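Coordinate analysis (summary)
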Amino acid sequence: MSKINLSTKQTEIVDLGIGAYLVEASAGSGKTRVLTERVKKLLEDNNSKVLAITFTNKASEELKERLELDKLKNKNVFVGTFHSFCQSILESRFKLLGFQKMPHIFDDESDRIEIVEEAIKSVPYFTDIYDGLESKDIAGYKSKVLSFISSIKRELAEPEDLITEEGEEHFLFLYNEYQDILKSNNAIDFDDLILFVYKLFSNNEAVQSLYAKSYNYIFIDEGQDLNKAQYYLLKSLCGDNIKNVMIVGDPNQSIYGFNGSTPRYMQTLFVEDFNAQKITLDENYRCSKQVIDAANKLMTLNVEAVNYVIEGQFEIYKAKSEKDEAEYVVGKIKDLINLKNHKDIEGEIDYSKIAILGRNKFVFKFIEGLLQENNIPYYFKSGNIGIKFETIFMKLFDFYFRIKINPSDKLHTKRLKSLLKVNNFENEDEIAKSKYEYFSFIRKVISGLTEENFKKSIQMVFDYIKDSTYFSDDEKVQIYYELDEMKELWKEYSFINLKPSLTGFKNTISLGIIKRDTKQDGICISTVHTMKGQEAEIVFLVGLDDGTFPYYLAIQNGGEELNQEKNNLYVAFTRAKRFLYVSYPSIRMMPWGDYKSRIKSRFLNKFVS
Ligand SMILES: Nc1ncnc2c1ncn2[C@@H]1O[C@H](COP(=O)(O)OP(=O)(O)OP(=O)(O)O)[C@@H](O)[C@H]1O
């Protein structure tokens, strides 16, 4: 890594004395850089004990790398996410929380859903409510219960306080039941991890003081993403002992509101509770003048370009169709590669300097096809392990698939029965009467599924969904997307395995051994959320049609949700170091072949009339 000369303001932050500080700074201002340099400097002193917390595994890996932690083996430093920090504590303190053995973390959403289902089934009253729901509303009901449960934990709320609508009182019962079932499985969920450690610190002075003595400096990166439980965990850890806390963050990059995060914790509570001194950094070291001007215009900001001599490029392209959008992107990529050098770009322009970003993964479909046609290398940046299915259709598909390849899989047998609400899913009559009669189609496909006909069978499912009148358009899009993901993984798996087997395929994806981002050569394709904190010289931001970005649900719900979409766009803009090319199609093809006309994102109104 090349040596960077910090600015006077950045150096001041690195050299700050003891105390609490909020570094509130815009995108590309060097927040992470400053945090890293300060940690490095503190660690030169053997008495420093540092805890640096990030929000994602990717960010903590990056911080470890920037800190060159392998060279700092003997130093007192813990770099990790809130979850990994809490897990490390729980591992040695679980008995104090009433567990006989270290609890198992149910990290999969489907595990949580199953527990909610079990809770619902435990009382006939709920089963009646549940059975009375239209099949399309069932997933919504469960996710409402789950988000109620999560809110209790993330908001540190008394369950009673969260009952806002009449009839929701029964959620309280489901919450208690959910916790009992988890306990009987010797398990906890992700939210519990934070909540339990918070409780441990709050209720057990000896443990709190032991951990408080383990650190004398605490850092939180991306502080705008703090939620209530995380903030109070920090507060309870510090108690009266730790005063040296630095939070760095950018309120305009707050995009995790759906997790209960808000910049209020760093901007208001942290400043009040810790008497923190606020420092602002509003220079941008990352982006060219054109990119900063665009970001400023989008957010009505006044960030100064440090690289003002680097003009850069910003362009918005209205494409006739998705195909035209893909041709625009790929055409430009070819031009840039042929150009080889540009005064605004350091070194030769190659594929690794280019990123293609979008709000959702489905906007890349045409571009991916065209990149392949042109033999342009690319990879998907993805933090996910395996595939997670959200649609009921694909869950049924997945469960039955697992049972087929592992008949002794009782968990998923139980899940499948409970999802279908049948005793015997092999019985045609029972299926015909079940909520999801289309399961008989799934059963037929999977029963005949072999390694040889895998691709063809998946194509049959695509055709079935296309012609079905059972699903809404939005559901169809999602099923198509999930199915496509499975198809792509099979392609990759069967390519790298000489003797592919269905069992081998399932195990490999469950363990996250094949991921679509394993190849890291070429152009990076990523959602904006996954690209947070990262950068690329040249960014193509595609799919900027209203309803896609901002997402249609955010438009429906408006308010803070829509605001978060704008923040998300700001994050997207500021990933570009030099050139930013934004585009949107005027027509979008629905997965089943219809065309829908689209207009440009409302956020682009400031740029083009
Ligand atoms: N003083 C400096 N001189 C030159 N380059 C710098 C300086 N400070 C930071 N940079 C560079 O600017 C870019 C942005 O820095 P960094 O990632 O730390 O910013 P950030 O504020 O955390 O960004 P964001 O919040 O947008 O992810 C990086 O490429 C970094 O190396």
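Looking at an unreviewed UniProt entry, one finds the chain named DNA 3'-5' helicase, with Sphingobacterium hungaricum as its source organism. Looking at the chain in UniProt, the text filed under Sequence similarities (unreviewed entry) is "Belongs to the helicase family. UvrD subfamily."

**A short note on the overall build of the chain**
When helices and strands are counted, the chain shows 25 helices and 18 strands. Over its C-alpha atoms the chain spans a radius of gyration of 26 Å, differing by no more than 12% from the 25 Å that the globule rule assigns to 609 residues. Considered along the principal axes of its C-alpha atoms, the chain spans approximately 75 × 65 × 50 Å. Look at the contacts in the chain between residues 6 or more apart in sequence, and 74% of them connect residues 24 or more apart. If you sum the accessible surface of the chain, you get close to 28,100 Å²; carbon and sulfur atoms cover 48% of it. Counting 82 positive and 91 negative side-chain charges, the chain places the averaged centre of each group 3 Å from the other.

**Here we look at helix α16 (residues 392-405)**
For an α-helix, the turn length of 3.6 residues means that residues three or four places apart are oriented alike. Helix length check: α16, at 14 residues, gives a terminal C-alpha distance of 20 Å against a target of 20 Å (1.5 Å per residue), a fit within 8%. Of the positions making up α16, those classed as buried are Ile392, Phe393, Met394, Lys395, Leu396, Phe397, Asp398, Phe399, Tyr400, Phe401, Ile403 and Ile405.

**A word on the pattern of salt bridges**
Throughout the structure, instances matching the rule amount to 33 salt bridges. The closest approach of N and O atoms between Arg112 and Asp189, which form a salt bridge, is 3.6 Å. With Arg112 in helix α5 (residues 109-121) and Asp189 in strand β5 (residues 187-189), the pair connects residues that are 77 residues apart, well separated along the chain. Pair check on accessibility: Arg112 and Asp189 agree, each one buried. A salt bridge links Glu118 to Lys414; its shortest N-O distance comes to 3.8 Å. Placement of Glu118 in helix α5 and of Lys414 in helix α17 (residues 410-420) is noted, with a sequence separation of 296 residues between them.

**Section: the nonpolar core**
Across soluble globular proteins, nonpolar side chains show a tendency to be buried alongside one another. Counting residues in hydrophobic clusters, the biggest one holds 63 residues, and the most contacted among them are Tyr141, Phe393, Leu396, Leu416, Leu420, Phe425 and Phe439. Per element, the largest residue contribution to this core is 10 residues, and it comes from α16. Setting aside residues no more than four positions away along its own chain, Leu396 makes contact with Leu416, Leu419, Leu420, Tyr436, Tyr438, Phe439 and Ile442. Residues Ile194, Ile218, Phe270 and Phe274 belong to the second largest nonpolar core, which totals 41 residues.

**Some details on the environment of Asn360**
Residue placement: Asn360 occurs in the loop between β12 (354-358) and α15 (365-373). Using a relative accessible area of 14% as the deciding quantity, one classes Asn360 as buried. Note: C-alpha distance between Asn360 and Glu12 (348 residues apart in sequence) is 40 Å.

**Brief notes about the packing of aromatic side chains**
Aromatic ring pairs are reported here in terms of the distance separating the ring centres and the angle at which the planes meet. The full count for this structure, using the stated rule, is 34 aromatic pairs. Aromatic side chains Phe201 and Tyr211 sit 5.8 Å apart centroid to centroid with 55 degrees between the ring planes, which places their arrangement in the tilted category. With Phe201 in helix α9 (residues 190-203) and Tyr211 in helix α10 (residues 205-214), this residue pair connects regions lying 10 residues apart in the sequence. The burial state of Phe201 is the same as that of Tyr211; both residues are buried. For Lys183, the ring lying beneath its charged end belongs to Phe99, and the centroid distance is 5.2 Å.

**Some remarks on the site of the ligand**
As a structural note, the neighbourhood of the ligand is formed by 20 residues, with Gln10, Thr32, Arg286, Glu535 and Arg575 the closest of them. Interatomic distance of 2.7 Å between a side-chain N/O atom of Gln10 and a nitrogen atom of the ligand. Within the backbone of Gly30, one N or O atom sits 3.1 Å away from an oxygen atom of the ligand. Considering each element in turn, the shell around the ligand owes the most residues, 3 residues, to helix α2 (residues 31-43).

**Some thoughts on the pairing of strand β14 (residues 523-527)**
Most of β14 is tucked away: 5 of the 5 residues are buried. Bridge analysis of β12 against β14 gives 4 bridges, and the strand direction is parallel. Residue Ala355 lies in a different strand from β14, and its bridge partner there is Cys524. The sheet contact formed by strand β13 (residues 378-380) and β14 spans 3 bridges and is parallel.

**Regarding the state of the cysteines**
One pass over the structure, following the stated rule, counts 0 disulfides. The thiol of Cys238 is not disulfide-bonded; the next cysteine sulfur, from Cys86, is found 13 Å away. With a relative accessible area of 0%, Cys238 lands in the buried category. Cys287 provides the cysteine sulfur closest to Cys524, a residue in no disulfide bond, and the two sulfurs are 16 Å apart.

**Thoughts on the confidence of the model for the chain**
Per-chain confidence: the chain averages 87 in pLDDT, with 91% of residues scoring 70 or above. In this model, residues 511-519 is a region of pLDDT below 50 whose contacts with residues beyond four sequence positions or in other chains number 25 contacts. Interface confidence for the predicted complex, expressed as ipTM, amounts to 0.97; the pTM equals 0.74.

**A closer look at unusual backbone geometry**
Residues Phe549 and Pro550 are joined by a peptide bond in cis, for which omega reads 5 degrees. Turning to its location among the elements, Pro550 is positioned in the loop between β15 (536-541) and α24 (552-557). Although it is not a glycine, Asn275 sits at a positive phi angle of roughly 50 degrees. Tracing the sequence through the fold places Asn275 in the loop between α12 (264-274) and β8 (277-281). When its relative accessible area of 67% is taken as the criterion, Asn275 is described as exposed. Although it is not a glycine, Lys421 adopts a positive phi angle of roughly 60 degrees. Among the secondary structure elements, Lys421 is positioned in the loop between α17 and α18 (428-433).

**A short note on the sheet that holds β8**
Across the sheet, which stays open at both edges, the 6 strands sit in the order β3-β2-β6-β7-β1-β8 with parallel pairing between neighbours. Two strands close off the open sheet at either side, each with one partner strand: β3 (76-81) and β8. Here the average twist between neighbouring strands, direction ignored, is 15 degrees. Pairing analysis gives 6 bridges linking strand β2 (residues 49-54) to β3, with the strands arranged parallel. Within the sheet, the bridge partner assigned to Val50 lies in β3 and is Val77. Contacting β1 (21-25), β2, β3, β6 (217-220), β7 (245-249) and β8, α2 runs over the sheet at an angle of about 165 degrees to β6.

The rules behind each value
- Residues numbered from 1 in each chain as written.
- Predicted model: local features only at pLDDT ≥ 70, side-chain atom pairs only at ≥ 80, totals over all residues.
- Heavy atoms only, no water.
- UniProt positions renumbered as here; feature names shortened; annotations may be inferred.
- Helix = DSSP H or I, 4+ residues; strand = E, 2+ residues; numbered from the N terminus.
- Rg over C-alpha atoms; globule rule 2.2 N^0.38 Å.
- Contact = heavy atoms within 4.5 Å.
- Areas by Shrake-Rupley, 256 points an atom, 1.4 Å probe, with all protein chains shown as cover.
- Lys, Arg positive; Asp, Glu negative; His and termini not counted.
- Charge placed at Lys NZ, Arg CZ, Asp CG, Glu CD.
- Expected span 1.5 Å × (residues − 1).
- Buried < 20%, exposed > 50% of the residue type's maximum accessible area, 1.4 Å probe, protein only.
- Salt bridge = Lys/Arg side-chain N within 4 Å of Asp/Glu carboxyl O.
- Core = buried A, V, L, I, M, F, W, Y, C linked by side-chain atoms within 4.5 Å.
- Phe/Tyr/Trp six-rings, centres within 6.5 Å; stacked < 30°, edge-to-face > 60°.
- Lys NZ or Arg CZ within 6 Å of the ring centre and 35° of its normal.
- Near = heavy atom within 4 Å.
- Polar contact = N/O pair within 3.5 Å; in protein donor to acceptor, adjacent residues only side chain to side chain.
- Pairing = 2+ DSSP bridges.
- Disulfide = S-S within 2.5 Å.
- pLDDT = per-residue confidence, 0-100.
- Axes fitted to C-alpha atoms, helices over the stretch in contact; angles between N-to-C directions.

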